[in-house]
Amino acid sequence: MMPQQSSATRARETSAFPISTEGPIHAAAGRLDLARQIDLVLMQARRAAAVNLMLGAGVAALFSSELSTVRVVGWYLLLTLACASRWYAASAYLQRSESAPNWLWVHHLAVICTGLIWGLSTFWLGRDAPYLYNVFLTFVLAGNASGAIPLMAPLPTLHRLYLLCAGTPVLIDFLSRSEDLYRLMAFMIGLFCMVLDFTARNYHRALLAALSLDRANAGLVKELGSKNADLQAEISERRRSEARFHSAFYDAPIGLALCNSDGWIVEVNRALCTMSGYQEAELLKLQLTALCQRDDHAEPASKTGTQHESVSAGFPTAQRFLTKNGDARWVSMSASDLAYEADTELYSIVQIQDITKNLEMSHRLSYQARHDDLTGLLNRREFEQRVTSALHSAIGRDVEHAICYLDLDLFKLINDTCGHAAGDQLLRTIAGILRQQVRQTDSIARIGGDEFVLLLECCTVKQAQRTANAIRRAVEDLSFPWGDKRFRVGVSIGLVPVSGQGDTVSDILSAADAACFAAKEQGRNRVHTYHRSDAELSHRQGEMDWVTRIAQALDESRFELMYQSIEPSAGRITHGLHFEFLIRLRDVDGQLIGPGAFLPAAERYHIITRLDRWVVGTACHWLGSLGERASELELCAINLSGQSLTNEDFLHFTLAEVRRLGALAERICFEITETAAIGNLGAAQRYIAELKTLGCKFALDDFGSGLSSFGYLKALPVDYLKIDGLFVKDLASDPVDYAMVRAINEIGKVLGKQTIAEFVENDEIRACLIEIGVDFVQGYGVAMPRPLAEIFAG
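Residues numbered from 1 in each chain as written. Predicted model: local features only at pLDDT ≥ 70, side-chain atom pairs only at ≥ 80, totals over all residues. Heavy atoms only, no water.

1. A short note on the overall build of the chain
Link 1 in the chain: Scanning the chain for helices and strands turns up 28 helices and 23 strands.
Link 2 in the chain: A separation threshold of at least 6 residues defines the contact pool for the chain, and within that pool the share at least 24 residues apart is 66%.
Link 3 in the chain: Of the roughly 40200 Å² that the chain leaves accessible, carbon and sulfur atoms contribute 56%. (Helix = DSSP H or I, 4+ residues; strand = E, 2+ residues; numbered from the N terminus. Contact = heavy atoms within 4.5 Å. Areas by Shrake-Rupley, 256 points an atom, 1.4 Å probe, with all protein chains shown as cover.)

2. Let's talk about the packing of aromatic side chains
Link 1 in the chain: Taken as a whole and assessed by the stated rule, the structure comprises 16 aromatic pairs.
Link 2 in the chain: Seen in terms of ring centroids, Phe-559 and Phe-598 are 5.6 Å apart; in terms of plane orientation they differ by 70 degrees. Their pairing is edge-to-face. Within this pair, whereas Phe-559 is found in strand 13 (residues 559-565), its partner Phe-598 is found in helix 19 (residues 595-604), the two being separated by 39 residues in sequence.
Link 3 in the chain: Taking the relative accessible area as the measure of exposure, Phe-559 reaches 6% and is therefore buried.
Link 4 in the chain: According to the relative accessible area criterion, Phe-598 is buried, its value standing at 0%.
Link 5 in the chain: For the pair Trp-622 and Phe-792, a centre-to-centre distance of 6.5 Å together with 15 degrees between the ring planes defines the contact as stacked. Placement of Trp-622 in helix 20 (residues 608-624) and of Phe-792 in the segment after strand 23 (786-787) is noted, with a sequence separation of 170 residues between them.
Link 6 in the chain: The class of Trp-622 is buried, set by a relative accessible area of 16%.
Link 7 in the chain: Through pairs of rings, three or more aromatic residues link up here, namely Tyr-563, Phe-579, Phe-581, Trp-622 and Phe-792.
Link 8 in the chain: Here Arg-549 stacks its cationic end above the ring of Trp-546, 3.8 Å away from the centre of that ring.
Link 9 in the chain: Across the ring face of Phe-792, the terminal group of Arg-629 is positioned such that the distance to the ring centre comes to 4.3 Å. (Phe/Tyr/Trp six-rings, centres within 6.5 Å; stacked < 30°, edge-to-face > 60°. Buried < 20%, exposed > 50% of the residue type's maximum accessible area, 1.4 Å probe, protein only. Lys NZ or Arg CZ within 6 Å of the ring centre and 35° of its normal.)

3. Brief notes about the layout of surface pockets
The rolling of a water-molecule-sized probe over the atoms marks out the regions of remaining empty space.
Link 1 in the chain: Roughly 1100 Å³ of volume is contained in the largest pocket.
Link 2 in the chain: Lining the largest pocket are 37 residues, with Glu-580, Pro-595, Leu-599, Asn-639 and Asp-701 sitting closest to its centre.
Link 3 in the chain: Looking at the lining of the largest pocket, the elements with two or more residues in it are strand 15 (577-586), helix 19, helix 20, strand 17 (633-640), strand 18 (668-673), strand 19 (697-703) and helix 26 (725-728). (1 Å grid on protein atoms, 1.4 Å probe; cavity = no way out; pocket = protein on both sides within 12 Å on 5 of 7 lines; lining within 4 Å. Points joined across faces, edges and corners; volume = space filled by probe spheres on them.)

4. Description of the nonpolar core
Link 1 in the chain: Judged by nonpolar contacts, the single largest core of 75 residues is most densely connected at Phe-670 and Leu-769.
Link 2 in the chain: The greatest single-element share of this core, amounting to eight residues, is contributed by helix 20.
Link 3 in the chain: Setting aside its immediate chain neighbours within four residues, Leu-769 contacts Val-728, Leu-731, Val-741, Ala-757, Val-760, Val-774 and Val-777.
Link 4 in the chain: In terms of nonpolar packing, the next biggest core, distinct from the first, is built from 39 residues, Val-59, Trp-118, Tyr-133 and Ile-189 among them. (Core = buried A, V, L, I, M, F, W, Y, C linked by side-chain atoms within 4.5 Å.)

5. A closer look at the pattern of salt bridges
Link 1 in the chain: Counted according to the given criterion, the structure contains 26 salt bridges.
Link 2 in the chain: The salt bridge involving Lys-227 is made with Glu-223; its shortest N-O contact spans 3.3 Å. Here Lys-227 pairs with Glu-223, and both are found in helix 9 (residues 180-251), just four residues apart, close to one helical turn.
Link 3 in the chain: The salt bridge partner of Arg-472 is Glu-476, with a shortest N-O separation of 3.3 Å. A residue pair is termed a helical-turn pair when its members lie 3 or 4 positions apart in one helix, as Arg-472 and Glu-476 do in helix 16 (residues 461-476) at four residues.
Link 4 in the chain: Judged by relative accessible area, Arg-472 falls into the buried class, the value being 15%.
Link 5 in the chain: Overlapping salt bridges, with partners in common, bring together Asp-407, Asp-409, Lys-520 and Arg-524 in one network. (Salt bridge = Lys/Arg side-chain N within 4 Å of Asp/Glu carboxyl O.)

6. Considerations on the confidence of the model for the chain
In low-pLDDT regions, the fine details of the predicted coordinates are not to be read closely.
Link 1 in the chain: Taken residue by residue, the chain gives an average pLDDT of 80. The fraction at 70 or more is 87%.
Link 2 in the chain: Within the model, the stretch residues 1-27 combines pLDDT values under 50 with 39 contacts to residues more than four positions away or in other chains.
Link 3 in the chain: Here residues 297-309 scores under 50 on pLDDT; set against residues more than four positions off or in separate chains, the count is 23 contacts. (pLDDT = per-residue confidence, 0-100.)

Okay, here's the thing in structure tokens:
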């Protein structure tokens, strides 16, 4: 089965009749109308064929009595053939097959043939028939032509062709006859055909108007249907929106109230009823302002001012909301005006959210952000802000303030002996003593483990000294009980006068810290007042400056590694270079600074581990980059501080760096000082054990600084003993130093350790060390420190 075609498509492809158009739209409408006209003609074609056959049968029956049967039957067979063709062609066309255009032409030819057969009937039948028979035949032809108007007028050209084929032979026949009556009949037939053509054209115009009106009505119906569907969809959407609004309004978790322009409540949701304790009916009798604390809101403006003013005008963001039982809750209130038309009353949806818990949490967080959790005192951030305010208040005024920096003495002993719970309780007790000794206008803060600071505002130096000493005595008199023990502590206090003349908060706190340290250095449990000319404090301040310089140098990669060779004392054959990594700082002006300038400050202020981390990472990276030249090295010594030994993160970092070296780890020797090892024996043992599993070696540096170290030596599985340079540098001239070095060397040999003497500055010292039997020597008399890049030079 071939695909069906639309009427417009069939008309466009099949019509032999021109279509008048004034543009694409009109052309499309014309094609659609023509298709409908063709459909009208062909849908009636079978009925017309049947009528023609019946009329033909009647004519044949009438003329059979006057003419020969062959003649009448022959005429009727031709008519039957034409009508059958017309019938079949119309049926085939209406099936919408692809051959429809061809069947349309067949139909048109069948119509023309039908007209010719009827027109020739006067020649074929009427010539030899009586006059009355010709009148009857003329009557039949006239009726047939008249009946063709509604059947073929939708296609006026086809109708004209039919009239022409049916009427022309009759006119010729009647005009050719000699009787005047036939000529009169010919005239009447011609006039009748003209009337029929005029009638058919009017019928056609009326049909076109009807089709146009039908098309317009169909478009209007379609448009109305579309608009009706849109309207129904809009109505449905509005209903859904209204349902969603009511659901969102009544089920909202926060309180909602619909108020008119006078502030009267019109509708409320369940959350507002729960929040207020009122029933819905009770709330609908109230104005919104009746539920708010009177002091928290302004009266809404009168309606005479602005016609459509929001009901929430004058309400603050947060205010107190009165419940039915008289409780006041803090709420956040905001309003949104509903859409309104001109000259109608304004309604507002007021959102009321209980923020009491939020405010309490905010206040609690704000307090925690400004206070120390353990003692309730101020924290460093809040204290620095208050000092800043005090500095500003002192500028341009004859006002003097004071800062006291307090550090507890023996706190670590209590904390380590009795645990952190005891230490925390002691800190809370000290905080209570401080509150008792200062004024309410003074500020107290805890800024470290056992470090406190005071801001004494509008206080002279003498007054501050009296307060500081009163605090010192109160702490000294404290007998702190814990379990079955009692402890006494002291406090070292650094006092700094504050005048606001060019001082910053950082400068003041640094000076106070330095003064506190000076108090500790002078014997603890005392007050030291800062003076700008104080030499000890200047040295302390210089060390604090180094902290910043070290951090900046690390950030800017201005540290460098050098090396110093360690050689056999006398002719001992080694497999490669044995040296120690040394750290140097390249200052901003390009000067190379030795470790003696910055390492003490790094240790004192606990940033030495950062330097150790840099040294280990840089040294391991350098070793890993040597490739085949690594075989020229025997041992590379890296110094570690005591603080790094107890740092768990540093141990993990070192293990990770060493593992990357693989077999090269056997060429690393970590040096730890005797003091650090003994002071952190457990940490040192673990550190040594972890790294020895990777093949690393260890040396005990500065060995011999205390005779007690001999007792710990068995517990430390080190490979080398580095004899303290204090004994080595005067070895040739001091018999006591000579005896000490000999004793250390002999004990090392008994324990299976190799010995290294440092501070070897001349050949005389080296000769003595050879005599004693020390294995290796190191010092300026052996080799000067050199840049690491020159290690393979020469």
